[in-house]
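Understanding the architecture of this molecule
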Amino acid sequence: MAIQDTTNIDLTVHRSITGVGYLDHAKLSRLKVHSTFAATSNGVPLGIIEQQIWARETENLGIGKKRLISHLMLF
């Protein structure tokens, strides 16, 4: 079984960090992380099989963009 999750890493309070994107507002500095976890049918975790980390670009603020995510399944 492959379980997916997307989360945000909020770096707004760390003023010295530059080069990260925004999430909902240009003044909020964040990264997005999408992970795929493998587990047995009994729910026993096997580990992370795929992970992507990205930052949204400020010039695209307010523009909905479709992202093409390629998943690599390793067994």
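The following refers to the structure shown.

1. Digging into a nonpolar patch on the surface
- Taken together, the side chains of Met1, Ile3, Phe37 and Ile48 define a hydrophobic patch exposed on the protein surface, amounting to about 380 Å² of accessible area.
- As for its placement among the helices and strands, Ile48 is situated in strand β4 (residues 45-54).

2. Regarding the environment of Ala55
- Mapped onto the elements of the fold, Ala55 is located in the segment after β4.
- On the basis of relative accessibility, which here comes to 31%, the residue Ala55 falls in the partly exposed class.
- Sequence separation between Ala55 and Gly21 is 34 residues, and the spatial gap between their C-alpha atoms is 4.3 Å.
- Beyond its immediate sequence surroundings of up to four residues, Ala55 is in contact with Val20, Gly21, Arg30 and Leu31.

Here is what the cut-offs are and how they apply
Residues numbered from 1 in each chain as written. Predicted model: local features only at pLDDT ≥ 70, side-chain atom pairs only at ≥ 80, totals over all residues. Heavy atoms only, no water. Patch = residues over 30% accessible without salt bridge, like charges linked within 9 Å, V, L, I, M, F, W, Y side chains within 5 Å. Areas by Shrake-Rupley, 256 points an atom, 1.4 Å probe, with all protein chains shown as cover. Salt bridge = Lys/Arg side-chain N within 4 Å of Asp/Glu carboxyl O. Helix = DSSP H or I, 4+ residues; strand = E, 2+ residues; numbered from the N terminus. Buried < 20%, exposed > 50% of the residue type's maximum accessible area, 1.4 Å probe, protein only. Contact = heavy atoms within 4.5 Å.

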